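Coordinates in review
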Amino acid sequence: MTERPAAGQAAVDQLLEVLDLEHTGEMAFRGMSPPVGPQRVYGGQVAGQALVAAGRTVDPDRFVHSLHGYFVRPGDPVEPIEYQVENVRDGRSFSVRRSVALQHDKPIFFMSASFQRQEEGLDHQAPTPPDVPGPDDVPTMADRLSRYPERLGIWGQIPRPIDVRYVGEPGWVRPGDRPADPYQRVWMRIDGKLPDDPLLHACALAYASDLTLLDSVLSVHGEVWGPGGVVGASLDHALWFHRSFRADEWFLYDCWSPSASGARGLATGRMFTTDGRHIASAVQEGLLRRVGA
């Protein structure tokens, strides 16, 4: 009998282990990948770990407000990932770091992140999307996966630290089963309890932000991932943090794609708490290529 993947708090504890980097030098860290995972290191993992590395070199009174990263090589999940951090600047209000992830002495990802001390100022936000059902009113991941056991693949074996609930059809259904939709909306939360450290919640949100964002490009066309559909890879990723939040509480990831061309697609997303607070925004471009059945 195949052992079920870890879920709930057990999976969250494994995620915390992945984000708990080893300090190997003054500005150097080492991270590991989960023992079971995809053939390439998940992009959200390396972004989250790179942010951990950068954040550990910054005064804890300064909080990350933005990150910008590029995926330059696929990561090997068997090999450790070395993170080297450069102190670009420490000013009176802001600190900027550059974090580079390396395997075999070659960069697989690099990121710039900016941290700011808390300040008061103007405050406004765009309204939340109207008429979106709540997380308890849409199918769970288990409900959806039960309809498509043949599409499960590696996702039926890896830990699931994030509770993901799609408002519409996800991108891993069978070809032809997904109606075109200009929006890809997903409720998410870390499926367990996280410590109170704000940096850890930011890293967990960075981890989650790469999970469904690029799927909004496919959603416009009613396309799906895998055989008979599209294969893809993240090229770059940007994330802005606007307001305080907990990643272990529900947030709506409201994603759409303004453009796709030249085998690339651009995706944007906003994250809202259940009480309507806009906590973060993301933008990503990805490589998208059709594959046969």
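So, a few notes on the structure that sits alongside this text. All residue numbers refer to positions counted from 1 along the written sequence of the respective chain. Local features in a predicted model are, by the rule used here, given only for residues with pLDDT of at least 70; side-chain atom pairs are given and counted only at 80 or more, and totals for whole chains, interfaces and linings are based on all residues. With hydrogens and water excluded, all non-hydrogen atoms of the structure serve as input to the side-chain values.

In this text, buried Ala, Val, Leu, Ile, Met, Phe, Trp, Tyr and Cys residues form a nonpolar core when linked through side-chain atoms within 4.5 Å. Under the scheme applied here, a residue whose accessible area is under 20% of the maximum for its type counts as buried, over 50% as exposed, and between as partly exposed, the area being computed with a 1.4 Å probe on protein chains only. Core analysis: the biggest nonpolar cluster contains 66 residues, and Leu51, Tyr83, Phe109 and Phe241 have the highest contact counts within it. Counting residues per element, this core draws most heavily on helix 4 (residues 198-209), which supplies 8 residues. Not counting chain neighbours up to four residues away, the residues in contact with Phe109 comprise Val46, Ala47, Ala50, Gly69, Tyr70, Phe71, Val72, Ser99, Val100 and Ala101. Here a helix means four or more residues in a row that DSSP labels H or I, a strand means two or more in a row labelled E, and each is numbered from the N terminus. Contacts: residue pairs with any heavy atoms within 4.5 Å of one another.

To continue, consider the sheet that holds strand 3 (residues 62-71). The 12 strands lie next to each other as 1-2-4-5-6-3-9-12-11-10-8-7, forming an open sheet whose pairing is antiparallel. Edge strands, defined here as strands with exactly one partner in the open sheet, are strand 1 (22-25) and strand 7 (162-166). Looking at each pair of strands side by side, their axes are set apart by 25° on average, direction ignored. Sheet topology note: the strand 3/strand 9 (residues 230-241) ladder contains 5 bridges and is antiparallel. In the strand pairing of strand 9, Tyr70 is matched with Asp236. Only strands joined by at least two bridges in the DSSP assignment are considered to pair. Only the contacting stretch of a helix is used when fitting its axis, a line to C-alpha atoms as for every element, and angles between N-to-C directions run 0 to 180 degrees.

As a further point, take the layout of surface pockets. Lining residues are defined by having an atom within 4 Å of a point belonging to a cavity or pocket. Those points lie on a 1 Å grid over the protein atoms alone, cavities being sets where a 1.4 Å probe fits but cannot get out and pockets being open sets with protein on both sides within 12 Å along at least five of seven lines. Grid points are joined across faces, edges and corners, and a volume is the space filled by probe spheres set on the points. Computed from the structure, the second largest pocket encloses a volume of approximately 1000 Å³. Lining the second largest pocket are 30 residues, with Phe63, Phe241, His242, Arg243 and Ser244 positioned closest to its centre. Secondary-structure elements contributing two or more residues to the lining of the second largest pocket are strand 3, strand 6 (106-117) and helix 4.

Along the chain, Trp172 turns up in the loop between strand 7 and strand 8 (183-190). The exposure class of Trp172 is buried, given its relative accessible area of 16%.

Working note: α-helix, 3.6 residues per turn, so residues spaced by three or four point in the same direction. Every helix has an expected span of 1.5 Å times one less than the residues it contains. For helix 1 (residues 8-19), spanning 12 residues, the distance from its first C-alpha to its last is 17 Å, which sits close to the expected 16 Å at 1.5 Å a residue. Among the residues making up helix 1, those that are buried are Gly8, Ala11, Val12, Leu15, Leu16, Val18 and Leu19. Mapping the buried residues of helix 1 onto a view down its axis gives an arc of 155°, with all of them on the same face. Where helix 1 is buried, its residues touch helix 2 (43-55), strand 8 and helix 4. Throughout, the arc means the angular range of directions from the helix axis out to the C-beta atoms.

Where burial is concerned, most of strand 7 is hidden: 5 out of the 5 residues are buried. The alternating pattern of strand 7 places Ile162, Val164 and Tyr166 on one face and Asp163 and Arg165 on the opposite face, and all of these are buried. Bridging between strand 7 and strand 8 involves 5 bridges; their strand directions are antiparallel. Bridge assignment links Ile162 to a residue of strand 8, and that residue is Ile190.

As a further point, take helix 4. For helix 4, built from 12 residues, the straight-helix expectation of 16 Å at 1.5 Å per residue is met to within 8% by its first-to-last C-alpha distance of 16 Å. For helix 4, the buried fraction is high: 10 of the 12 residues fall into the buried class. The set of residues buried in helix 4 consists of Leu200, His201, Ala202, Cys203, Ala204, Leu205, Ala206, Tyr207, Ala208 and Ser209. Distance and chemistry together define a polar contact, namely a pair of N or O atoms within 3.5 Å, with one atom able to donate a hydrogen and the other to accept it when in protein, and with adjacent residues in sequence counting only for side-chain atoms on both sides. With a side-chain oxygen lying 3.1 Å from the backbone nitrogen of Leu199, the N-terminal cap of helix 4 falls on Asp197.

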